[in-house]
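Geometric and topological summary
Each chain is listed here by its residues.
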Amino acid sequence: MSTDLKKLNVLMCGTGEYTTGWTGSGASKSDKKIGVVGLTCFDLRRLGKLDKLSMVGTNGSKFPAIRQHLQQNIADVYKDMDISFDAYPQGESINPEAYKEAIDKLSPGDAVIIFTPDSTHYPIALYAIERGLHVLVTKPAVQLLHHHVELIEAARKHNVVCFVEHHKRFDPVYSDAKARAASLGEFNFFSAWMSQPKSQLETFRAWAGKDSDISYYLSSHHIDIHCWIMQDKAVPTRVMASAATGIATSEPYNCVPQTEDTITLLVDWQSLSSSKHKGTAVYTASWTAPLKAGVHTNQHWYYMAEKGEINVDQAHRGYDIVHDDTGKAWYNPFYMKYSPSESGHFDGQRAYGYVSIEKFVDAARSVNAGLTQPSDYDKHGLPTIENTVLTTAILHAGRISLDEKRPVSIKRNGNQWVLE
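Each chain carries its own residue numbering, running from 1 in the written order of its sequence. In keeping with the predicted nature of the model, local features appear solely for residues at pLDDT of at least 70, side-chain atom pairs appear and are counted solely at 80 or more, and the whole-chain, interface and lining totals rest on all residues. Side-chain metrics rest on all non-hydrogen atoms present in the structure, leaving aside hydrogens and water.

1. Section: helix α10 (residues 352–368)
Think of it this way: any DSSP run of H or I at least four residues long counts as a helix, any run of E at least two long counts as a strand, and we number them from the N terminus. Every helix has an expected span of 1.5 Å times one less than the residues it contains. In a regular helix each residue adds 1.5 Å, so 17 residues correspond to 24 Å; α10 covers 24 Å between its end C-alpha atoms and thus fits that length. Throughout, exposure labels follow a simple rule: accessible area from a 1.4 Å probe, protein chains only, divided by the maximum for the residue type, with under 20% read as buried, over 50% as exposed, and the rest as partly exposed. For α10, the tally of buried residues reaches 15 of 17 residues, placing the bulk of the element in the interior. Once α10 finishes, G370 follows within two positions and takes phi at roughly 80°, a positive value.

2. A word on the nonpolar core
Residues grouped as a nonpolar core are buried Ala, Val, Leu, Ile, Met, Phe, Trp, Tyr and Cys residues, joined through side-chain atoms within 4.5 Å. Core analysis: the largest hydrophobic core is formed by 85 residues, its most contacted members being W269, Y283, W301, Y303 and I394. Per element, the largest residue contribution to this core is ten residues, and it comes from helix α9 (residues 214–230). Formed by 44 residues, the second largest nonpolar core is a distinct cluster that contains L8, L50, I74 and F170.

3. A few points about the sheet that holds strand β1 (residues 8–13)
For two strands to be treated as a pair, DSSP must find no fewer than two bridges joining them. Read across the sheet, six strands follow the order β5-β4-β1-β6-β7-β8 without closing on themselves; strand pairing throughout is parallel. Edge strands, defined here as strands with exactly one partner in the open sheet, are β5 (86–88) and β8 (162–165). Within the sheet, the average angular offset between the axes of one strand and its neighbour, ignoring direction, is 20°. Across four bridges, the pairing between strand β6 (residues 111–114) and strand β7 (residues 134–138) is parallel. Here the axes come from fitting lines to C-alpha atoms, over the contacting stretch only for helices, and the angles between their N-to-C directions go from 0 to 180 degrees.

4. With respect to the state of the cysteines
Counting rule for disulfides: a pair of cysteine sulfur atoms within 2.5 Å. With the rule as written, the count across this model stands at zero disulfides. With no disulfide of its own, C227 has C162 as its nearest cysteine by sulfur position, at a separation of 17 Å. C227 gets classed as buried once you look at its relative accessible area, which sits at 10%.

5. Thoughts on the sheet that holds strand β17 (residues 408–413)
Spatially, the eight strands line up as an open sheet ordered β14-β13-β9-β12-β11-β10-β17-β18, and their pairing is mixed. Here the strands that pair on one side only, and so sit at the sheet edges, are β14 (308–313) and β18 (416–419). If you compare each strand with its neighbour and ignore which way they point, the axes differ by 15° on average. As paired elements, strand β9 (residues 187–197) and strand β13 (residues 298–305) share eight bridges and run antiparallel to each other.

Everything listed here is a matter of coordinates, which is why it stays silent on function.
Here it is in structure tokens:
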């Protein structure tokens, strides 16, 4: 997209691991040591697509350490990288609703990128949309199906772009697999596994088990991929959930009593073109995996249809490194490439973690210029708020199934999806 279009002002909501690479206990020990959102936005500003940047959290006293972290790990590493941003709340104040002040400083047509705890996505996104701002919200978009529907309606009413940051749609392997699945006939079976090490329970201690669960946090990735493959071909009809417990709630993690270790959703699917074709999907996510498995996120999925099957192992890409001190580790530069270019600049523009954010920025700028309408992007296979409603329906149904120990049906009532 031409840089001749007006540059976009962006507010980053959330100052944690995914935005800055900084956690409450220091620099992240995950594969996002210098973050994704902040680094991508700084680089898009360098390339002329973004202008003013701001960042909002809940505790202003964290920003001096965050700025030092960004200076040492981004500005001092990459050439010509401006890491300046306005911070909210200011000073050392603590304000859980500082996002309102930060959003109120923006103008219609500006954008908000939300990477905050799951339970806060809906109020922040709605507040931004109602003020004419474009929104990119991390997965899960929301936790309740009716909240998702409300965001669809609000984005339509205010004519703004609202994407969900399902970056795996931009992984070349996943997008290629999605295209190839179209030639395999009716869907029959899907199985997905995704896990992160127990150390994540330290990173997410503030909300793990209290405000969200591992299914919302991790299974949302592969549920969305499956829903994307099935779009206009089949729909989910019934969800039954089961959970393993005992690790997260024990020493040394001591999470709240209701915290699950591993959650599995069993989902029935119905073909839209053949009444006799039904499929089954199993989505499993865990945050109690071993600490030294060589990968931060172990993830793979299997798809079987009437004419063939697809196997994807995203954790092991045929690229591993062995170090005397740490042993073998598998890296994924296709997601975020942190090594600089030959000129010393950031060189990760082709990585799908970067592309996911850039696609949203390009869409917002195009709409602002009058070249496209927000509804145009619903037709392009992009993770718009409209195109991701069934992902939320499955996740919400899974939570109800766990809490009420029963199967939950997903049905269409007129133009809206409902749970029963």
